[in-house]
Amino acid sequence: MGRTKIFPDGHFRYTTCHNANGTTYVVRYRNEWNKEKKRSEPKERIYVGSLNTSTGKVSFSKKFLEKYPEFAGQLYFYENNELVTKTEEETEALEEQRTSSCLDDIVSPLGSWICWHTALEHHILKDLKEVLELEDADNLLKLAVYVFLSSNGALQIYQQWLPQQWLPNAQVLDSAQISRLLAKITDETIKKYFKLRFDRVRSFYKKLAEQKTLASNVRHLLALDSTCIHRYSETIEDTAYGHAKQRPDLKQINYTLGIDYLTGETVYALESEGSINDKALYSTVIADMLNANFDLTDTVFVTDRGYHSLYNVQQLINSELGYLTGVPLSEEGIKEKFRKYKASFSSSAFYLADVGLYCRTFTESWQQKMPETEQTFTTTQYLHLYVNPELQTAQMKQLEAVVAEVLEKKNKGLAVEHSLYTQASPYIKEDEKRKVWIKKTKALNSVRCLKGAWAIRTNCIEDPSAAVRISRQRNVIEEAFRGFKVENSGDSLYSTKATYEGKLFLLSLAQSLRNIFLMNVRNFAQPLLEIEKYCQEQRKQNKVDLAESERRKVKLPGDSLRIAFASLSRHKAVRAPSGTNWIMKKPLPKKDRDLISLLGCPEKLHF
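Just so you know, these numbers come straight off a predicted model, no measurement behind them. (Residues numbered from 1 in each chain as written. Predicted model: local features only at pLDDT ≥ 70, side-chain atom pairs only at ≥ 80, totals over all residues. Heavy atoms only, no water.)

A. Local environment of the side chain of Asp 592. Residue position: Asp 592 is located in helix α20 (residues 590–598). With sequence-adjacent residues up to four places away left out, Asp 592 is seen in contact with Leu 568, Arg 570 and His 571. (Helix = DSSP H or I, 4+ residues; strand = E, 2+ residues; numbered from the N terminus. Contact = heavy atoms within 4.5 Å.)

Written as structure tokens, this is what we have:
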């Protein structure tokens, strides 16, 4: 245990005690260190006066005022183990606030405080107030905090959830009030808000570059991802049957989000007709952003292979936009290169130790057509081909096992499941002379070079290690999108035509919080090399003094934000006697203080 702090003469602290009748008194005391007994002991103790536990007001005793006349003639309140003075006007305002508060006397404040603090730090509330009325902006952000923290996001139970949490100036909304709030949000509101977010993030990059806390060669990386959302309403025009992996019987819409790599901010959103796939949607997204005057200078669009097509790449080149995209191995030119240079993908000369992959980079010449003059120029694009040796071995073992199982069943005259036969059919054949099924060794050897392999095409990231690090970082975005559908019930939307845009916007705000937290977790121990200095500055600002080895040990419980916030919810705070703030019942253990730091917040809490 740590040694008791020694206070100099004249330093007093305050505490409370109770008599047999239940009356609460404020006591002023001073301790002194006993060198012989090696412990702190009371040196002076005096009763200050009685405490009104409802209002926090202190009524001084006659003896105390005789000894300390400077306290006479003023209104004092007991807050956070201190005596604070307030004017009559402040007292009336606090009383009104205390009586109008809808929160319980005991709340679970940590989850909601972390969300609210993060939203303020990232100026989310400020930008909401630019596009909505002040009260509407405040209520919408509180609803977004609820959607993020709740287990199912059902808005009809918001009024039961709110009193048990901590949110400033909280106001209970019933279902009708929530519906009226969501109906106020239009497509124009959403576009204006995300334009503000995009401009703010770009300014943030510029500021960090000027402060030299960001590598000078870092460009604005913007990840695009889409998901389908099922709709039960028949009044929404954009619903259509699409390529849904689940519930193909329901109509759906597509929802695309643009997410900044550094902050995790959602800076773009587009709702589109449900039958459009990602390849067809890509050019629409670019055109929509350009028409809305998004400044895409130095922006790099990072997408998975679902967005890739030769047409889309050509459009990006013609628009002079940066891109980094996964490439499907179905492209014949890609498969041919993997086969032709397969020896490179087992040679130490092409092994990238920093990312644990074999890689070979090719340059491609593409023609860029200027839209105004129609002149053409030759530009250089980079094609990075990678092979993960461990993944390659695992996938080949799996394929060999499937082939062996199918051959055994075929030769025994047993039925073979359709899915298994589909996997094995390219690599087996029937020997008509011997009337047995055998494997096609040449075909298996040919496909080996494509196992554990993937490709990246880009016009701005020449370094293959940097390109794959950016691609891997995108996995955080995809994980967040899975959370959008699973944890925030974003896979289905029970909304009418009047409120569905507001509901989507609300889910997007909750998703912004999720992305920010996941990015903070990612950058806490292993940030991208390009932003390592920025992350050091953030830790310094939040007073995180853990060494790198200690930071690596701080993990999300169960590798889940849901579990992390659930573990923090067990901590309770009680309403202070003043009724206007809350005090933690017990000090937070170190593991929870480290968890708060991991999520990107300071340890010092203010309720």
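B. Just the pairing of strand β1 (residues 13–18), in detail. Direction of pairing for β1 relative to strand β2 (residues 24–34): antiparallel, over a ladder of six bridges. Within β2, the position partnered with His 18 by the bridge is Thr 24. Taking the residues between adjacent antiparallel strands as the criterion, β1 and β2 are bridged by five residues, where Gly 22 takes a positive phi near 90°. (Pairing = 2+ DSSP bridges.)

C. Structural view of the side chain of His 117. Within the secondary structure layout, His 117 lies in helix α3 (residues 110–121). Beyond its immediate chain neighbours, meaning those up to four positions away, His 117 contacts Cys 601 and Pro 602.

D. Focus on α3. Here α3 contains twelve residues, and its C-alpha end-to-end distance of 16 Å stays within 8% of the 16 Å for a straight helix at 1.5 Å per residue. All of the buried residues along α3 are Leu 110, Gly 111, Ser 112, Trp 113, Ile 114, Cys 115, Trp 116, His 117, Thr 118 and Ala 119. The positive-phi residue at the C-terminal boundary of α3 is His 123, with phi of around 60°. (Expected span 1.5 Å × (residues − 1). Buried < 20%, exposed > 50% of the residue type's maximum accessible area, 1.4 Å probe, protein only.)

E. Here's a closer look at the packing of aromatic side chains. Under the counting rule described, the total for this entry stands at 23 aromatic pairs. Judged by centre distance (5.6 Å) and plane angle (55°), the ring pair of Phe 60 and Phe 71 falls under tilted. Pair noted here: Phe 60 is in strand β4 (residues 58–60) and Phe 71 is in the loop between α1 (62–67) and β5 (75–79), with a separation of eleven residues, a long-range link. For Phe 60, a relative accessible area of 18% puts it in the buried group. Arranged with centres 5.3 Å apart and planes meeting at 55°, the rings of Phe 517 and Phe 565 form a pair that is tilted. (Phe/Tyr/Trp six-rings, centres within 6.5 Å; stacked < 30°, edge-to-face > 60°.)

F. Region of interest: the nonpolar core. Judged by nonpolar contacts, the single largest core of 73 residues is most densely connected at Leu 128 and Leu 140. Element by element, the count of residues in this core is highest for helix α16 (residues 500–525), at 13 residues. Excluding anything up to four places from it in sequence, Leu 140 contacts Leu 128, Leu 132, Leu 181, Leu 182, Ile 185, Phe 505, Leu 506 and Leu 509. Of all hydrophobic cores here, the second largest spans 25 residues; its members include Leu 296, Leu 316, Ile 317 and Tyr 323. (Core = buried A, V, L, I, M, F, W, Y, C linked by side-chain atoms within 4.5 Å.)

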